[in-house]
Amino acid sequence: INHPELLLNWVEKLWHVYEFKTLRIVFYGGEPILRKELLKTYVKVMKEWGAQKGVRFSFSIVTNGALCSEEFIRDMLEYGCRQKQASTKEYWLEN
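As a starting point, this report considers the structure included with it. What you see is a predicted model; the values in this text were computed from it and never measured. (Residues numbered from 1 in each chain as written. Predicted model: local features only at pLDDT ≥ 70, side-chain atom pairs only at ≥ 80, totals over all residues. Heavy atoms only, no water.)

## A closer look at the sheet that holds strand β1 (residues 22-27)
(1) Moving on: The sheet built from three strands is open, its strands ordered β1-β2-β3 with parallel pairing. This sheet does not close on itself; its edge strands, each paired only once, are β1 and β3 (81-86). The average undirected angle you get between the axes of adjacent strands in this sheet is 15°.
(2) Moving on: Relative to β3, strand β2 (residues 56-63) is paired through five bridges, and the arrangement is parallel. When the bridges of β3 are listed, Ser60 appears paired with Gln83.
(3) Moving on: Seen against the sheet, helix α3 (residues 70-79) touches β2 and β3 and runs at an angle of roughly 150° to β2. (Pairing = 2+ DSSP bridges. Helix = DSSP H or I, 4+ residues; strand = E, 2+ residues; numbered from the N terminus. Axes fitted to C-alpha atoms, helices over the stretch in contact; angles between N-to-C directions. Contact = heavy atoms within 4.5 Å.)

Below, the structure is given as structure tokens:
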């Protein structure tokens, strides 16, 4: 989803049906932090929505970690990131 309002509309529809009190989103696939500003926008929009509706919002990110900076990590913790999972690839060397 390239537009935060689409995610917000989808979550809003689910919330009207289930009236959940906690929302946790996992950002994964490809490399979610290639577009850091878009990710920050998603998180900000969902956090604000959760505050308005009384829904506790949290999120986590699955990334290879190559693009993580101290600033980005600080921002994500400030926004409420509860878990960051870094994946690695194993390389086999043949002798």
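## Overview of the pattern of salt bridges
(1) Moving on: In this structure the tally under the stated criterion is four salt bridges.
(2) Moving on: Taken together, the salt bridges that share partners define one network made up of Glu37, Lys40 and Asp75. (Salt bridge = Lys/Arg side-chain N within 4 Å of Asp/Glu carboxyl O.)

## A closer look at α3
(1) Moving on: Taken residue by residue, α3 has Phe72, Asp75 and Met76 as its buried positions. Projected down its long axis, α3 shows its buried positions confined to an angular sector of 95°, all on one face. Facing away from the buried surface of α3 by more than 90 degrees, the exposed residues are Glu70, Arg74, Leu77 and Glu78.
(2) Moving on: Looking at the buried residues of α3, the elements they touch are α2 (36-53), β2 and β3.
(3) Moving on: A positive backbone phi angle near 110° is found at Gly80, which sits one or two residues after α3. (Buried < 20%, exposed > 50% of the residue type's maximum accessible area, 1.4 Å probe, protein only. Arc of directions from axis to C-beta.)

## Here we look at unusual backbone geometry
(1) Moving on: Within the chain, Glu19 stands out as a residue other than glycine whose phi angle is a positive 50°.
(2) Moving on: Mapping Glu19 onto the fold places it in the loop between α1 (4-18) and β1.

## Quick look at the packing of α2 against α3
(1) Moving on: Across the interface, α2 lies against α3 with an axial gap of 10 Å and an inter-helix angle of 15°. In this view, α2 runs roughly parallel relative to α3, as classed from their interaxial angle. The hand of the α2/α3 crossing is left-handed. Counted together, Lys36, Leu39, Lys40, Val43 and Lys47 of α2 and Phe72, Asp75, Met76, Glu78 and Tyr79 of α3 form the full contact between these two elements.
(2) Moving on: Residue composition of the contact of α2 with α3, by class: five nonpolar, no polar and five charged. (Parallel < 35°, antiparallel > 145°, perpendicular 65-115°, else oblique. Left-handed = near helix turned anticlockwise from the far one by under 90°. Nonpolar A, V, L, I, M, F, W, Y, C, P; charged D, E, K, R; others polar.)

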